[in-house]
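Listed here are the chains, written in short residue letters.
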Amino acid sequence: MNWRGRPLTSHEVIVRTIAATTTRTGLTVTAELDTGSYPKGIKITDEQMKGLDKRALRRHEFHGEWNYTLIPADGDTRNLLIGPHLAGRGQPLLYPQG
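Residues numbered from 1 in each chain as written. Predicted model: local features only at pLDDT ≥ 70, side-chain atom pairs only at ≥ 80, totals over all residues. Heavy atoms only, no water.

Asks: Looking at this structure, I do not really get the overall build of the protein. What am I missing?
Replies: In terms of regular secondary structure, the protein is built from 3 helices and 2 strands. Ordering the α and β elements of the protein from the N terminus gives α-α-β-β-α. Across the 98 residues that make up the protein, the buried fraction comes to 14%. Counting only contacts in the protein whose residues sit at least 6 apart along the sequence, the fraction spanning at least 24 positions is 10%. When the accessible surface of the protein is summed, it comes to about 8,700 Å², and 55% of that surface belongs to carbon and sulfur atoms. (Helix = DSSP H or I, 4+ residues; strand = E, 2+ residues; numbered from the N terminus. Buried < 20%, exposed > 50% of the residue type's maximum accessible area, 1.4 Å probe, protein only. Contact = heavy atoms within 4.5 Å. Areas by Shrake-Rupley, 256 points an atom, 1.4 Å probe, with all protein chains shown as cover.)

Rendered as structure tokens:
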């Protein structure tokens, strides 16, 4: 069930529910189903995790263990959707203002 008590009966319903999200400040959400296949059980070493954490994870001030931005391997942050709403909470502005 979602927050409105509607049953989440299919992937389509879930994606539509997420895509219908808006806020009073004008945030809108785009959502699509990723039908890719991803192998299970892949393990990385503690050393690999430390490297990823140092190189590509930007943990947010509020519950950084859950809330973080993953920086693309090429370092191009132009399309990241983290911006003024987090920058005001001590987070860096990760996309150009326009």
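Still more to cover.
Asks: When you look at the side chain of Thr69 in this model, what are you seeing that I'm missing?
Replies: Tracing the backbone through its elements, the reader meets Thr69 in strand E2 (residues 68-70). A relative accessible area of 5% places Thr69 in the buried class. Reaching out from Thr69, the side chain makes a polar contact with the side chain of His60 at a distance of 2.9 Å. (Polar contact = N/O pair within 3.5 Å; in protein donor to acceptor, adjacent residues only side chain to side chain.)

Asks: Can you help me understand the pattern of salt bridges in this one?
Replies: A full pass over the atoms with the stated rule returns 2 salt bridges. Among the ionic pairs, Glu12 bridges to Arg16, the shortest N-O distance being 2.7 Å. Separated by 4 residues within a single helix, Glu12 and Arg16 lie in helix H1 (residues 11-19), roughly one turn from each other. For Glu12, a relative accessible area of 47% gives the class partly exposed. A salt bridge links Asp53 to Arg59; its shortest N-O distance comes to 3.2 Å. (Salt bridge = Lys/Arg side-chain N within 4 Å of Asp/Glu carboxyl O.)

Asks: Whenever I open this one, a nonpolar patch on the surface confuses me. Can you help?
Replies: Where nonpolar side chains cluster on the molecular surface, the patch consists of Leu8, Ile14 and Ile18 and spans about 220 Å² of accessible area. Relative to the helices and strands, Ile14 is located in helix H1. (Patch = residues over 30% accessible without salt bridge, like charges linked within 9 Å, V, L, I, M, F, W, Y side chains within 5 Å.)

Asks: Just checking my understanding: could you explain the environment of Ala20 for this structure?
Replies: Relative to the elements of secondary structure, Ala20 occurs in the loop between H1 and helix H2 (46-55). Taking the relative accessible area as the measure of exposure, Ala20 reaches 57% and is therefore exposed.

Asks: In this structure, what is going on with the confidence of the model for the protein? I would like to understand it.
Replies: A low pLDDT score tells you not to read the predicted coordinates there in detail. Overall, the predicted model of the protein reaches an average pLDDT of 76, with 73% of residues at or above 70. Averaged over each element, pLDDT in the protein is lowest for helix H3 (residues 84-87) (47) and highest for H1 (88). Across residues 82-91 the pLDDT falls below 50, and counting only partners more than four positions away or on other chains, this stretch makes 18 contacts in the model. Every residue in residues 93-98 scores below 50 in pLDDT, and together they form 16 contacts with partners more than four places removed in sequence or on other chains. (pLDDT = per-residue confidence, 0-100.)

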